[in-house]
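Take a look at the letters that make up each chain.
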Amino acid sequence: MLSITHYLVLSLALFTIGVIGVVTRRNVIIILMSIELILNAVNINLVAFSRLFGLVGGQVFAIFIITDAAAEAAVGLGIIIAFFRNRETVLADEMDLLKW
Amino acid sequence: MATNGYFLDHIWMIPLFPAAGALLMFLFGRKLKNAVVSTICVGSVAAAFIFAAGAVWSLLHMLPESRFVQVILFDWVPAGSMHMTNGSLMRFDVPWGLMLDPLNSVMVLVVTGVGMLIHIYSVGYMGHEGGYYRFFGYLNLFMFSMLTLILANNMLLMFVGWEGVGLCSYLLIGFYFLKKSAGDAGKKAFIVNRIGDAGFLLGLFLILGTLGTINFHEIGPAIAAGHFPVGAPVMTAIALLLFVGATGKSAQIPLYVWLPDAMEGPTPVSALIHAATMVTAGVYMVTRLNAIFQLSPTAMDVVAITGAATAIFAASMALVQNDIKRVLAYSTISQLGYMFLGLGVGAFTAGVFHLMTHAFFKALLFLGSGSVIHAMSGEQDMRKMGALWHKIPTTARTFLVGTIAIAGIPPLAGFFSKDAILGSAYERSPILWVVGWVTAGMTAFYMFRLVNMTFFGKSRVEHDVEHHIHESPLVMTAPLLILALFSIIGGWIGWPESLWGSDHFAHFLDPVIAHYGEQGASVAEKASRGALTMEYLLMLASVLLAVTGIALAYSWYIKDPTRPERFAARFSGAYNLLSHKYYVDEIYDALFVNRTKDLGLALGSFDRGVIDGAGVNGVGLLTRVISRISMWWDKWIVDGLVNISARLVGALSIPARWLQTGRVSGYAAMIVAGLVALLWYFLHLVRLPVH
């Protein structure tokens, strides 16, 4: 039947896709979406282990993460909009002010 | 410390008075009035004379064998050890010391006495000249140097005076320094003198090395202790070297050429320095060291022959001179030759005797000529004189006295001193006597030629000069009268024993003369061998020749004044040779003077070509080459290292640059890479539980 391994592999796959998205994609909104994907992959992981060990702590922690992800997305989008107003761009390559 | 009496204890003050006078002149002279200058400078010499007279007076009261006084002022050159030529060790210690003995006494009285008279005369003669204080300053400096020379108790201090008189001679000959001929004459005198000085110094060194002392009083004992035989080569060497010094200072062949030119100086200078005092320094020096000279018959012969040759040589040139002072200059050279002739044949006292009498009448003659020139408004050519006897009577009469004295007519001074020399010369060699005898005849002739052309005959004086002819003032004629008196009686102190005199002079000087072997013969002894008759004959021959010379001069210059010109025209070759002074100056110029100048020019071009060219410029070139190399090193090596280190840093920084691209995705990639690395590390160390 379905063992813990199936859930972990799914989580890993999602995590990996998320990381590749963060590192590779140009558009910062896509990067934000990828970050969400990472967080949700972690959520799946936590819930799977909580079902496995019968401890509710994992599920509680997943709720925290969802809340945090939402707040973070809001702040992130706010930053992107502020940046766009100044630099007219949403591409990560062109956000190179930290170079100096 | 026993005292010898005030004056003898204070002989060191004798040179001090004129030294003080000279110093005052050099410090303040410019601001002083002529009267003050005269008082100081004439007064200083007068004071020196008084002290000298006092000292000699005290000396005379001492016993003849102990007439020697020494005063050491201070330790001048402190002691040091040195090796003598015979290997032994001695201490070299030179004091600034003065001494007085019979020889000195004669010299110091002559120098201060005649010097004082000339100083007085100069007050009148130089009264209207510029540089009055300078003249008297130099004159006093000369007196100081001469007195130091005479009174020195050792050769080194004598050399100080020796050089000092040479310097003053230069300063005074070139007194009218704006005149080129005067400056040249001063230079000539000093340079020729210097050549002689080299000989003096070498002789001094040789004495020091051989005898171990240069103190006059110790040289005699040192010679005795060294057991030097008569004819010892080292003594000959010393004597000849010293004689070279004497030829320079006392104007003998070959170093006499400066004296005629020295007439460029004011006449009192010619009288003092070049007649009475400085030129006698050579005679004094040889007499002072007679102990050495007598040990070398060779050197004595050289001295005698040089003296005789110089005497006749100079007299021949005096025959044709037309400048009144030049005649006297050549006459001085000739008379100095007489003195050396006397020294060379061993008649040292006779030589010094002639020195003294010559000082009297030569100073008189020079001062008299100065008086004539003064009266003639500066004219010195005798061809433009004549018939001055009645116009300047005192000058003329005293001048005549001096001329009779120099001609050797008894009983004036010149006869006794010349005769003493000629007598001793005959004993040594009749040839020397003949040379001296002929010279005496020439002397009488050219001196009376001078007198006749100047004072007698028809007047050839130029018209505008004639109006100003006047006798000189008392300040100038008084010294003439005093010197004339001494020219008459000055020889009586040496009245020879062969003429029933007591020859006080020779006896006074005798202790200073070394005696190796037989003593001088007494009159009785001489009479017994017929030598006395010979003496009388020689005296008669001298007087007769002198009278002949005078007569010839009368005939040629008063009775028939055209005779000289006709004679000169007939023997024009000889006349030209004489009037051009045997072309000696020209020969010296070609052989020595111009060759020295050539050497100077050669060294100059060496300096410019080699030293400046190769040396200085070469060094400059070398510096530039080195700087090029330095530049290359700096550019390629030093800068290269700097550049390499910079490039290295640049190269190393390339990877570091990637850390800060500013691209956030890049930073994110680094985070992931780090995470993977950590996981790898932990997964390899810690195994996963697999179920």
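What counts as what
Residues numbered from 1 in each chain as written. Chains lettered and ligands numbered in written order. Predicted model: local features only at pLDDT ≥ 70, side-chain atom pairs only at ≥ 80, totals over all residues. Helix = DSSP H or I, 4+ residues; strand = E, 2+ residues; numbered from the N terminus. Rg over C-alpha atoms; globule rule 2.2 N^0.38 Å. Buried ≥ 20, exposed ≤ 12 C-beta atoms within 10 Å, placed from the backbone. Contact = placed C-beta atoms within 7 Å. Nonpolar A, V, L, I, M, F, W, Y, C, P; charged D, E, K, R; others polar. Axes fitted to C-alpha atoms, helices over the stretch in contact; angles between N-to-C directions. Parallel < 35°, antiparallel > 145°, perpendicular 65-115°, else oblique. Left-handed = near helix turned anticlockwise from the far one by under 90°. Pairing = 2+ DSSP bridges. Expected span 1.5 Å × (residues − 1). Core = buried A, V, L, I, M, F, W, Y, C linked by C-beta atoms within 7 Å. pLDDT = per-residue confidence, 0-100.

This brings us to the overall build of chain B. Check the secondary structure of chain B and you find 28 helices and 2 strands. Relative to the 2.2 N^0.38 estimate, which gives 26 Å for 691 residues, the radius of gyration of chain B is 40 Å and therefore markedly larger than a compact globule would have. With the C-alpha coordinates aligned to their principal axes, the bounding extent of chain B is approximately 175 × 70 × 50 Å. When each of the 691 residues of chain B is scored for burial, the buried share is 46%. Taking the intrachain contacts of chain B between residues at least 6 apart in sequence as the baseline, contacts between residues at least 24 apart amount to 81%.

Scanning chain A from N- to C-terminus turns up 3 helices and 0 strands. For chain A, the succession of helices and strands along the chain, N to C, is α-α-α. Referenced to the eigenvectors of the C-alpha coordinate spread, the extents of chain A come out at roughly 50 × 25 × 20 Å. Relative to its 100 residues, chain A shows a buried fraction of 15%. Sequence separation of 24 or more characterises 48% of the internal contacts of chain A that already satisfy a separation of 6 or more.

Before going further, it helps to examine unusual backbone geometry. Here the bond from Ile253 of chain B into Pro254 of chain B is cis, since omega is 0°, no more than 30 degrees from zero. Within the secondary structure layout, Pro254 of chain B lies in the loop between α9 (233-249) and α10 (258-261). A cis amide bond, omega -5°, links Pro410 of chain B with the succeeding residue Pro411 of chain B. Relative to the assigned elements, Pro411 of chain B resides in the loop between α17 (393-407) and α18 (413-428). Of note in this structure, Glu88 of chain A is not a glycine but carries a positive phi near 65°.

On to the interface of chain B and chain A, then. Each partner contributes residues to the interface: chain B has 9 residues there, and chain A has 10 residues. Split by residue class, the side of chain B that touches chain A holds 4 nonpolar, 4 polar and 1 charged.

Before going further, it helps to spend a moment on the packing of α17 of chain B against helix α21 (residues 474-489) of chain B. Residues and elements named next belong to chain B. Relative orientation of the contacting elements α17 and α21 amounts to 25°, with a least axis distance of 9 Å. For the element pair α17 / α21, the angle class is roughly parallel. Between α17 and α21 lies a crossing whose hand is left-handed. The segment α17 lies against α21, with Thr394, Thr395, Thr398, Val401, Gly402 and Ala405 engaging Thr477, Leu480, Leu481, Ala484, Ser487 and Ile488. A breakdown of the residues in the contact of α17 with α21 according to their chemical character gives 6 nonpolar, 6 polar and no charged.

A separate point is the pairing of strand β1 (residues 69-83) of chain B. Residue and element names in this part refer to chain B. The buried fraction of β1 is low, at 1 of 15 residues. Taken together, the 11 bridges between β1 and strand β2 (residues 89-100) define a ladder with antiparallel strand orientation. When the sheet's bridge partners are listed, Ile72 is paired in β2 with Gly97. The turn linking β1 back onto β2 is made up of 5 residues, and Gly87 within it adopts a positive phi angle of 95°.

The next point concerns α18 of chain B. The end-to-end C-alpha separation of α18 of chain B is 24 Å, in line with the 22 Å expected for 16 residues at 1.5 Å each. Counted residue by residue, α18 of chain B has 14 buried out of 16 residues, so it is predominantly covered.

Of all hydrophobic cores here, the largest spans 204 residues; its most connected members are Phe142, Leu147, Leu151, Leu242, Val286, Leu341 and Ala363 of chain B. Looking at which element gives the most residues to this core, the answer is helix α16 (residues 348-375) of chain B, with 16 residues. Setting aside its immediate chain neighbours within four residues, Val286 of chain B contacts Leu242, Phe243, Ala246, Phe293, Val303 and Leu343 of chain B. Residues Val22, Val28, Ile31 and Ala92 of chain A belong to the second largest nonpolar core, which totals 5 residues.

Let us now look at the environment of Leu37 of chain A. Residues and elements named next belong to chain A. Relative to the assigned elements, Leu37 resides in helix α2 (residues 28-53). Distance in space between the C-alpha atoms of Leu37 and Val22 is 9.8 Å, their sequence separation being 15 residues. The residues contacting Leu37, other than those within four sequence positions of it, are Leu14, Ile17, Gly18 and Gly21.

Residue and element names in this part refer to chain B. Counting through the fold element by element, Ala677 comes out in helix α28 (residues 664-685). With 10 C-beta atoms counted inside 10 Å, the residue Ala677 sits in the exposed group. Sequence separation between Ala677 and Phe486 is 191 residues, and the spatial gap between their C-alpha atoms is 137 Å.

Residue and element names in this part refer to chain B. The buried fraction of helix α11 (residues 267-276) amounts to 10 of the 10 residues, a majority that puts the element mostly inside the structure. Within the sequence span of α11, burial applies to Thr267, Pro268, Val269, Ser270, Ala271, Leu272, Ile273, His274, Ala275 and Ala276. Next to the buried residues of α11 lie α4 (102-125), α5 (132-151), α6 (155-173), α10, α15 (324-344) and α16.

This part takes up the packing of α15 of chain B against helix α19 (residues 430-455) of chain B. Residue and element names in this part refer to chain B. In contact at an axis separation of 11 Å, α15 and α19 are set at 160° when each is read in the N-to-C sense. In terms of orientation, α15 lies roughly antiparallel with respect to α19. Considering how the two elements wind past one another, α15 and α19 form a crossing that is left-handed. Of the residues in α19, those touching α15 at Ile324, Val327, Ser331, Ser334, Tyr338 and Leu341 are Leu432, Gly436, Thr439, Thr443, Tyr446, Met447, Leu450 and Thr454. Here the contact of α15 with α19 is built from residues that sort into 8 nonpolar, 6 polar and no charged.

For the rest of this paragraph, the subject is the confidence of the model for chain B. Mean pLDDT over chain B works out to 89, with 97% of the residues at or above the 70 mark. Across the interface, the model reports ipTM at 0.84; the global pTM reads 0.77.

On to the environment of Leu481 of chain B. Residues and elements named next belong to chain B. With respect to the helices, strands and loops of the structure, Leu481 is situated in helix α21. By C-beta crowding, Leu481 is classed as partly exposed, having 15 other C-beta atoms within 10 Å. A sequence separation of 300 residues divides Leu481 from Ser181, and the C-alpha atoms of the two residues are 33 Å apart.

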